[in-house]
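# Secondary and tertiary structure notes
Now for the letters of each chain:
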Amino acid sequence: MTYETVKTFYTNKNIFLTGGSGFVGVSYIEKVLRSMPNVGSIFVLLRPRKGQGIQERLDTMKNNSVFDVIKTSDGFDELLSKIKPVCGDISEENLGLSDDDFKMLCDNVNIVVHCAATLDFETDLKTAVTVNLLGTKRIVELSKKIKNLQCLLHVSSAYVNSNKNYAMEKIYDAPANYNDIINYTQTTDTEKLNSGAEKIMGDHINTYTFTKALAEHVVNDARNIIRTCIVRPSMIVAAWKEPVEGWTVSKNGPQGFIMGASKGVVRRLPVNKSLIYDYIPVDVVINTMIASTWFSAQLPDSTPTVDGQTPIFHCTTSTCNPFRWNDISSILTTTLHNYPIRGAVWYPNIKFLPNLFMYWISSAIFHFIPAYILDFVTKISGGRPILVRLHKNVNRSLSKLAPFIFNEWKFDNARTLRLQEELSVDDQSVFYIDPTSLNWTPYFINLTLGVRKYLHKESDKTMKQALKKNFFLMLANTGVQLLAVTGIWYLSSFITGTPFLSNYWAALIVIIFGYIF
């Protein structure tokens, strides 16, 4: 089948976007405006929050660093004016829309992009159902009433099938009846729900994967009424190419621990370096969202599905360009030293440990002892101590994250790779969705630089001072290590009453312990 180009398809199309203030949402808005300036309006569902109205929230969004490239081009004010805030909330009936806004969306929207979700793995079942499942059902109900809808895109997750070691681009049997789950959670008190959550979820890891899996069935059940498609990203990480190499505003996944490692406060991580970890750059995710909508909207009326289901696209790397931490662990600490931050509190040194038991032991020594010391110094200096609390929060979260850290999944993405071939030559370069040529080593160097610039807010101008500080922190770190070795060496000699030199074994034990842990 011959399709019109992606750019032609999106010309004058009006988009309704949920989750527009999040990492994926702002990235989607930026890409659409920059690559397809002839698009119509982008209506963004926003709720007032923290004393800010929706217009104030939109103004904050427009100051996001993702728009820095657009702001260097002519006519950027006109482009950004295409973003229209709509007051609402997916956790409320009718999405919290006013009657006028509801009618306006039904009369004007052509494409619905549903990104909004609660990503907290520790969210209770009722909240997850309300946002991830019931919110999606409300989006589908709205989409059915839109007069000129061409496609509803639902952004799901590859981990909806985390109960399978190998997942295809298809919808598997539902873990439960989604209407029953909605009714049960709406009529049962929270305490009873929480106590019975594991039994309700069955073999799903947490409330997130469970409710996102059910939400896919809500979308799939509408496939013969409206055009639909689903994109399943894995762990979304910093940009590969656009808008800038290494750009990120997300603190999840590798970006979060690299942020802590560059500060010198995160020094140990539980990671099995030989396992495949499925990471996907945010720009590849956005391009897949744009292209999959284009593809699905133009399926023939006689067969608006693929294999009888809503078209599913895996935005993943595990089967086409697998990443293992073994591949880059040796260059990670070096990169942190080559591009240090001025705000570091200690000399960066990251070490991966293969299980949680080793991590707990190591964390007690290399995280909590320094944290208590630095928090004490901070407190007597009049500052606000945060390091002990930070490490306690990290350790508490690790028990929830352990299944994702120590398990390996493979997500088949053959259909997504074929989608690349459906694009015109020009569209293939603009909306690249094939990650097989991504080189992980330079990518993670760029990601580290992106963390430095966009998360730590340190410009290139601070590099000289940061390098100087890094040198002195290295000397201090070396001094502390020598002091620890000689101190324990001397203490063992004192306790045993034997000559200092004959107790060299104590120093060796400390060195070996530091090497292992």
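So, here's what we can say about the structure. (Residues numbered from 1 in each chain as written. Predicted model: local features only at pLDDT ≥ 70, side-chain atom pairs only at ≥ 80, totals over all residues. Heavy atoms only, no water.)

### Here's the deal with the overall build of the chain
When its secondary structure is counted, the chain shows 20 helices and 13 strands. Over its C-alpha atoms the chain spans a radius of gyration of 25 Å, differing by no more than 12% from the 24 Å that the globule rule assigns to 517 residues. When each of the 517 residues of the chain is scored for burial, the buried share is 53%. Intrachain contacts of the chain at a sequence separation of at least 6 include 82% that bridge at least 24 residues. Roughly 23200 Å² of accessible area belongs to the chain as shown, and the carbon and sulfur atoms make up 55% of that amount. When the 52 basic and 45 acidic side-chain charges of the chain are each reduced to a single mean position, those positions are 8 Å apart. (Helix = DSSP H or I, 4+ residues; strand = E, 2+ residues; numbered from the N terminus. Rg over C-alpha atoms; globule rule 2.2 N^0.38 Å. Buried < 20%, exposed > 50% of the residue type's maximum accessible area, 1.4 Å probe, protein only. Contact = heavy atoms within 4.5 Å. Areas by Shrake-Rupley, 256 points an atom, 1.4 Å probe, with all protein chains shown as cover. Lys, Arg positive; Asp, Glu negative; His and termini not counted. Charge placed at Lys NZ, Arg CZ, Asp CG, Glu CD.)

### Remarks on the sheet that holds strand 1 (residues 15–18)
The strand order across the open sheet built from seven strands is 3-2-1-4-5-7-11, with neighbouring strands paired in parallel fashion. Each edge of the open sheet carries a strand with a single partner, namely strand 3 (83–87) and strand 11 (312–315). Adjacent strand axes in the sheet meet at a mean angle of 20° when their direction is disregarded. Packed on one face of the sheet, helix 12 (residues 282–297) meets strand 4 (111–114), strand 5 (151–155), strand 7 (228–233) and strand 11 and runs near 160° to strand 7. (Pairing = 2+ DSSP bridges. Axes fitted to C-alpha atoms, helices over the stretch in contact; angles between N-to-C directions.)

### What to know about a nonpolar patch on the surface
A cluster of nonpolar side chains, Y504, W505, L508, I509, I511, I512, Y515 and I516, forms an exposed patch at the surface whose accessible area comes to about 880 Å². Note that I509 resides in helix 20 (residues 504–516). (Patch = residues over 30% accessible without salt bridge, like charges linked within 9 Å, V, L, I, M, F, W, Y side chains within 5 Å. Salt bridge = Lys/Arg side-chain N within 4 Å of Asp/Glu carboxyl O.)

### Regarding the side chain of Q255
Counting through the fold element by element, Q255 comes out in helix 11 (residues 254–263). Excluding anything up to four places from it in sequence, Q255 contacts F23, I236, V237, A238, T248, S250, L447, V451 and L455.

### Remarks on the environment of K251
Relative to the helices and strands, K251 is located in the loop between strand 8 (235–237) and helix 11. For K251, a relative accessible area of 53% corresponds to the exposed category.

### Re the nonpolar core
Of all hydrophobic cores here, the largest spans 98 residues; its most connected members are Y10, Y28, M289, W325 and F444. With ten residues, the single largest contributor to this core is helix 12. Beyond its immediate sequence surroundings of up to four residues, F444 is in contact with P254, I258, Y279, F323, W325 and I328. Formed by 39 residues, the second largest nonpolar core is a distinct cluster that contains F16, C106, V140 and L152. (Core = buried A, V, L, I, M, F, W, Y, C linked by side-chain atoms within 4.5 Å.)

### With respect to the state of the cysteines
Applying the stated criterion across every chain, the model contains zero disulfides. Cysteine C115 remains unbridged, with the sulfur of C229 as its closest cysteine sulfur at 11 Å. Under the relative-accessibility criterion, C115 is labelled buried at 14%. C229 supplies the cysteine sulfur nearest to C151, a cysteine that is in no disulfide, at a spacing of 3.9 Å. (Disulfide = S-S within 2.5 Å.)

### Considerations on the pattern of salt bridges
Applying the stated rule across the entire model yields eleven salt bridges. The partner of R34 in a salt bridge is E30, and the shortest N-O contact between them spans 2.5 Å. Of this pair, R34 and E30 both sit in helix 2 (residues 23–35), four residues apart, roughly one helical turn. In this structure, the salt-bridge partner of K147 is D107, at a minimum N-O distance of 2.8 Å. Note that K147 is positioned in the loop between helix 6 (125–145) and strand 5 and D107 in helix 5 (residues 99–108), a separation of 40 residues in sequence.

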